[in-house]
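# Observations on chain architecture
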Amino acid sequence: MKIPLVDLKAQHDSIKSEIDNAIRSVIESTQFILGPVVEAFESEMAAYCQTKFATGVASGTDALQLALLASNIQPGDEVITTPFTFIATAEAITQCGAVPVFVDIDPRTYNIDPTKIEIRITERTKAILPVHLYGQPVDMDPILQLAKNYNLKVIEDCAQALGTKYKGKKTGSLGDAGCLSFFPSKVLGAYGDGGMVVTNDPEIAEKVAMLRNHGCRQKYYHLMPGFNSRLDELQAAILRVKLKHLNDWIELRRHKASFYSQLFNQIDGIQPPYVAPDSYHIFNYYTIRLEKSKSNRDKTQEYLHAQGIATAIYYPLSLHLQQVYKSLGYKPGDFPESEQAHEEVLSLPMYPELGDDKIEAIARAIKSSGLRSQ
Ligand SMILES: Cc1ncc(COP(=O)(O)O)c(C=O)c1O
């Protein structure tokens, strides 16, 4: 039996005729860039994310960079974030000329530990960039309080957390801006790249709208240096179709996750994902922790691959130890929780169409791989 990490084909098959119609209608309109479909999708997404504004851009990475620029992050400013994330989070900071300042994670949620942030705030700190990793919300209240006390912006990386809720509120609506990714493997995946900035701040929304389109409000009149970073009409048409199914898909993911966790609770040495109180986790990824060692995790992964079960390590190396950030001067041991988590996490197949029989087979395989490595 082959079990993929995500099954985009199964999802496409379930909505094929709706997608075909949506694509055909854009092609027949011949309006491909910044037209009525993007506009309609933006207002649907603002409503979905409980924000006043939503602006489509070319990727989640661009969403982060444009949101930071629109929040007046300047060269030399410091932005506090987590080292346990995809490179795009820190890359967006660096591409603004600002400096990522890392803070270790809470080992239960893998998200930035709010109790360790204040000590890293300096006169140059201008923003905090929490990442709602795997679909679990960051503990935002203490971060929002710190931001208030020190007059900092909060830009949420919601690339893995569309639909996630913290204390009943959607992530992306909690800070100054939220950044979404429509990378195909995300809960709302485009058929290519795409991203979005959601915000309640009219100034940030307007700046992002200008930045994504060469810095202009009116065509050919440029007010600031900008980018070509637009979400196109074809992607917006596809995403509008998928948005209608999103809540159902998220509920299915949550059901799969609780079935997995029920099985893993009976296997020694496997930590299923912890879900914090007040969290509505959307399980963009279902990530377990293999408690013993990196070699145990790696052997389990090899064993599963040999059985036809795809897995992934999000992510193998903490950002503070990446070659690209060597000049920042971090060293092994600086963020022990993050470093240990990188050695022990393993993400398993997760998609709304994943059958319970497959989940049982995966749990069985993990159980036997554990026995094998002892
Ligand atoms: C946490 C995180 N931030 C940012 C991004 C960047 O999004 P994109 O791939 O759409 O540029 C991703 C997605 O890959 C992500 O997982």
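Higher on the page you've got the structure.
Residues numbered from 1 in each chain as written. Predicted model: local features only at pLDDT ≥ 70, side-chain atom pairs only at ≥ 80, totals over all residues. Heavy atoms only, no water.

This part takes up the sheet that holds strand β7 (residues 169-170). Pairing is antiparallel in the open sheet, where 3 strands are placed in the order β7-β6-β13. The sheet is open, and its two edges are formed by β7 and β13 (279-280), each paired on a single side. With 2 bridges connecting them, strand β6 (residues 165-166) and β13 associate as antiparallel partners. Opposite K165, over in β13, you have Y280 as the bridge partner. (Pairing = 2+ DSSP bridges. Helix = DSSP H or I, 4+ residues; strand = E, 2+ residues; numbered from the N terminus.)

A word on the packing of helix α3 (residues 60-70) against helix α6 (residues 202-211). Orientation of α3 relative to α6, taken along the N-to-C sense of each, is 125 degrees, at an axis distance of 9 Å. Classified by the angle between their axes, α3 and α6 sit oblique to one another. Viewed along their axes, α3 and α6 form a crossing whose handedness is right-handed. The residues of α6 that touch α3, namely those facing L66, A67, L69 and A70, are I204, K207, V208 and L211. Class assignment of the residues belonging to the contact of α3 with α6 gives a composition of 7 nonpolar, no polar and 1 charged. (Axes fitted to C-alpha atoms, helices over the stretch in contact; angles between N-to-C directions. Parallel < 35°, antiparallel > 145°, perpendicular 65-115°, else oblique. Left-handed = near helix turned anticlockwise from the far one by under 90°. Contact = heavy atoms within 4.5 Å. Nonpolar A, V, L, I, M, F, W, Y, C, P; charged D, E, K, R; others polar.)

Before going further, it helps to spend a moment on the sheet that holds strand β15 (residues 345-348). Within a sheet, adjacent strands bond to each other through the backbone by hydrogen bonds, running parallel or antiparallel. With respect to topology, 3 strands assemble into an open sheet ordered β12-β14-β15, the strand pairing being antiparallel. The open sheet has two edge strands, β12 (270-271) and β15, and neither has a second partner. Sheet topology note: the strand β14 (residues 286-290)/β15 ladder contains 4 bridges and is antiparallel. Bridging from a neighbouring strand, Y286 pairs with L348 of β15. Strand contacts of helix α8 (residues 246-264): β12, β14 and β15, with the helix running at about 15 degrees to β14, the strand carrying the most contacts.

Here the focus is the site of the ligand. Around the ligand sit 17 residues, and of these G60, T61, D157, S181 and K186 come closest. Here G60 contributes a backbone N or O atom positioned 2.8 Å from an oxygen atom of the ligand. Protein chains shield 93% of the accessible area of the ligand, which is 390 Å² for the free molecule. Counting residues per element, the ones that place at least two in the shell around the ligand are α3 and α4 (87-95). With 3 residues, α3 is the largest single contributor of residues to the shell around the ligand. Tallied by class, residues from the shell around the ligand come to 7 nonpolar, 8 polar and 2 charged. (Near = heavy atom within 4 Å. Polar contact = N/O pair within 3.5 Å; in protein donor to acceptor, adjacent residues only side chain to side chain. Areas by Shrake-Rupley, 256 points an atom, 1.4 Å probe, with all protein chains shown as cover.)

Turning our eyes to something else, we now look at the environment of D193. Turning to its location among the elements, D193 is positioned in the loop between β8 (177-181) and β9 (195-199). When its relative accessible area of 51% is taken as the criterion, D193 is described as exposed. In sequence terms D193 and L231 are 38 residues apart; their C-alpha atoms lie 8.3 Å from each other. For D193, the contacting residues outside a window of four places in its chain are A58, F183 and Q235. (Buried < 20%, exposed > 50% of the residue type's maximum accessible area, 1.4 Å probe, protein only.)

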